[in-house]
Amino acid sequence: MSYSSTITESQEIIRDNMDYTLFSWSKQKGIAPIAVKYAKGVYLYDYDGKRYLDFSSGLMNVNIGHGHPRIAQAVMEQMQQVSYVTPSCVTKVRGDLGKKLAAITPPGLTKTLFTVCGASAIENAIKLARLYTGRHKIIARYRAFHGASYGAMTAGGDPRKLASDGQQVPNIVHVEDPYCYRCPWGKEITSCSRECVSHIERVIEFEGPGNIAAIIMEGESGTSGCIKYPPDYLQKVRALCDKYDILLIADEVMSGFGRTGKWFGVDYHGVVPDIIATAKGITSGYLPLGALIVSDAIASYFDDRMLWLGLTYSAHPVSCAAALETLKIYEEENLLQHAAEMGRYIDQQVALLKSKHPSIGDFRNTGLLGCIELVKNRATKEPMAPYNAKPDEMVIMNKVAAKLKELGLYTFVRWNYIFIAPPLCITKEEADEGLAMISEAIKIADEFVN
């Protein structure tokens, strides 16, 4: 294969990536990735000098923003001391990070097993729940994503698993979601009887309470559509867990570490889970790291029993150093409060957009974890693209996504959702810039409203 000698640096980089690497969740031909040269704050810059506003914080993980020099410094200093030790050894940074996590988690969760990523945190949460309870079944929601490894993929109901789930992990049972905008029971949140909760209790009864190890719930819903829990939903799920002696696992991979304006999504609901599985914002994506944080009761259970969990890169010193510095940045730069304030500001601005764009059916947001849902008709709520849309059903949304990229906005567009989850350090001016681009792109969808 020969290439023109006039190929640009950007074209060469894209060519090498296309020729020698595989892309996740994608056909391998016909894609046009951005060749990122560097990133700073809320912006990405390609090799041709074009700037993109990162309105989804990468994959909702670069919470402190791109290119923060303190992380690079902390990582370098740790590598100069020691880059790797086996998990049976300890380092100062491992203990410091564990201690810091114990200080910010809900009360009674003070011990952490460090994993490699979110999926490995979920996998180990499921294993741990089964080891601790002696039970085997896990209850999970359909509109949830918990990771792409087999156990995590089965636990999630996300249709990305359907192509490869002929042999799903056994003993995971799914329940309906509290999707108030599209309530499965046809109810309104102001007058319903929380059928979404009584439904879970019926499933518990059908499956046998003595067989169920845990219920897994996202602290706040993420890529399944930022589905907002009714105000008392998680509290009622917690009560069900207590009633039937079932563990509650909170998936805080995406909703943790300030993304919602609080340390963890469950903090909004006044709920203390038995296990927190988290990742992403723990290092703001600068290095891979996950964490499985457990209650004191679970931790003490294994004082004299074997903990049958382990990973080569558990408590990797360099990743721990990145995480510890990231947590300091959250506090010293007041990012949690700022995320909450910016979330309220974006709520107000999207409400104004909704008055201008008839294709905006709903906007659901907590802190800086939100998405716009586009519809063809507000009365019928017919989606601009259906759940698990086929390629020919994504024509309109693909045009919207292409326009966003053309305008210089990088964000997650999925089915009829446009996600708004920028780095927590975003300013009002930067938010306005991104929302203006979304407004321009949504004009395309408006043309298909009936």
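As the structure is a prediction and not an experimental result, all values here were calculated from the model. (Residues numbered from 1 in each chain as written. Predicted model: local features only at pLDDT ≥ 70, side-chain atom pairs only at ≥ 80, totals over all residues. Heavy atoms only, no water.)

1. Overview of the pairing of strand β16 (residues 417–420)
Then comes step 1: Taking every second residue as pointing to the same face, both faces of β16 are buried, with Tyr-417 and Phe-419 on one and Ile-418 and Ile-420 on the other.
Then comes step 2: Looking at chain direction, strand β15 (residues 413–414) and β16 are connected through 2 bridges and run antiparallel. Within β16, the position partnered with Arg-414 by the bridge is Tyr-417.
Then comes step 3: The hairpin turn running from β15 into β16, its antiparallel successor, is 2 residues long, and Trp-415 in that turn takes a positive phi close to 50°. (Buried < 20%, exposed > 50% of the residue type's maximum accessible area, 1.4 Å probe, protein only. Helix = DSSP H or I, 4+ residues; strand = E, 2+ residues; numbered from the N terminus. Pairing = 2+ DSSP bridges.)

2. Re the domain arrangement of the protein
Then comes step 1: Along its sequence, the protein is organised into domain 1 (9–67 + 334–447) and domain 2 (69–333).
Then comes step 2: Between domain 1 and domain 2, the C-alpha centre-to-centre distance is 25 Å.
Then comes step 3: Between domain 1 and domain 2, the contact holds 44 residues from the first and 44 residues from the second.
Then comes step 4: Buried area between domain 1 and domain 2, both sides added, is near 3,500 Å², and the carbon and sulfur share of it is 56%.
Then comes step 5: When the area that domain 1 buries against domain 2 is broken down by residue, the three leading residues are Trp-25, Ile-64 and Leu-336, summing to 20%.
Then comes step 6: Remark: the boundary between domain 1 and domain 2 carries 2 salt bridges.
Then comes step 7: When the shortest N-O distance is used, the salt bridge between Arg-182 and Glu-373 registers 2.8 Å.
Then comes step 8: Every element with two or more residues in the side of domain 1 that touches domain 2 is listed here: α2 (57–60), α11 (335–356), β11 (360–366), β12 (369–377), β13 (382–383) and β16. (Domains from an automatic or database assignment. Contact = heavy atoms within 4.5 Å. Buried area = accessible area lost by both parts, 1.4 Å probe. Salt bridge = Lys/Arg side-chain N within 4 Å of Asp/Glu carboxyl O.)

3. Examining the nonpolar core
Then comes step 1: The biggest cluster of nonpolar side chains holds 101 residues, and the ones touching the most others in it are Ile-372 and Ile-438.
Then comes step 2: Among the elements that make up this core, the one with the highest residue count is helix α10 (residues 317–332) (9 residues).
Then comes step 3: Among residues more than four places away in sequence, those in contact with Ile-372 are Val-350, Ile-360, Asp-362, Phe-363, Asn-416, Tyr-417, Ile-418, Ile-420, Ile-438 and Ile-442.
Then comes step 4: By size, the runner-up hydrophobic cluster in this structure holds 25 residues, among which are Ala-121, Leu-128, Ile-275 and Ile-298. (Core = buried A, V, L, I, M, F, W, Y, C linked by side-chain atoms within 4.5 Å.)

4. Observations regarding the sheet that holds strand β2 (residues 43–46)
Strand pairs in the sheet, formed through backbone hydrogen bonds, run parallel or antiparallel to each other.
Then comes step 1: Sheet architecture is open: 4 strands sit in the order β1-β2-β3-β14, paired in mixed fashion. At either end of the open sheet lies a strand with only one pairing partner, and these are β1 (36–40) and β14 (409–410).

5. Side note on the packing of helix α12 (residues 395–407) against helix α13 (residues 428–446)
Then comes step 1: Relative orientation of the contacting elements α12 and α13 amounts to 150°, with a least axis distance of 9 Å. Accordingly, the angle class assigned to the pair α12 and α13 is roughly antiparallel. Seen along the crossing, α12 lies across α13 with a hand that is right-handed. Together, Ile-396, Lys-399, Val-400, Lys-403, Leu-404 and Leu-407 of α12 and Met-437, Ile-438, Glu-440, Ala-441, Ile-444 and Ala-445 of α13 make up the contact between the two elements.
Then comes step 2: In terms of residue class, the contact of α12 with α13 is built from 9 nonpolar, no polar and 3 charged. (Axes fitted to C-alpha atoms, helices over the stretch in contact; angles between N-to-C directions. Parallel < 35°, antiparallel > 145°, perpendicular 65-115°, else oblique. Left-handed = near helix turned anticlockwise from the far one by under 90°. Nonpolar A, V, L, I, M, F, W, Y, C, P; charged D, E, K, R; others polar.)

6. Thoughts on the packing of aromatic side chains
Then comes step 1: Tallied over the entire structure, the rule returns 15 aromatic pairs.
Then comes step 2: Aromatic side chains Trp-25 and Phe-145 sit 6.4 Å apart centroid to centroid with 80° between the ring planes, which places their arrangement in the edge-to-face category. With Trp-25 in the loop between α1 (9–20) and β1 and Phe-145 in the loop between β5 (137–141) and α6 (150–155), this residue pair connects regions lying 120 residues apart in the sequence.
Then comes step 3: Ring geometry for Phe-257 against Trp-263: centres 6.5 Å apart, planes inclined by 80°, an arrangement best described as edge-to-face. Comparing Phe-257 with Trp-263 shows no difference in burial state: the two are buried. (Phe/Tyr/Trp six-rings, centres within 6.5 Å; stacked < 30°, edge-to-face > 60°.)

7. What to know about the packing of helix α4 (residues 92–104) against α10
Then comes step 1: Between α4 and α10, whose axes approach to 9 Å, the crossing angle comes to 40°. Taken together, α4 and α10 sit at an angle that is classed as oblique. As α4 runs across α10, the sense of the crossing is left-handed. Note on element contacts: α10 touches α4 through Pro-317, Cys-320, Ala-321, Ala-323, Leu-324, Leu-327 and Glu-331, opposite Val-93, Arg-94, Asp-96, Leu-97, Lys-100, Leu-101 and Ile-104.
Then comes step 2: Considered class by class, the residues forming the contact of α4 with α10 number 10 nonpolar, no polar and 4 charged.

8. Section: the environment of Gly-95
Then comes step 1: Relative to the helices and strands, Gly-95 is located in helix α4.
Then comes step 2: When its relative accessible area of 42% is taken as the criterion, Gly-95 is described as partly exposed.
Then comes step 3: Spatially, the C-alpha atom of Gly-95 lies 9.8 Å from that of Thr-112, the residues being 17 residues apart in sequence.

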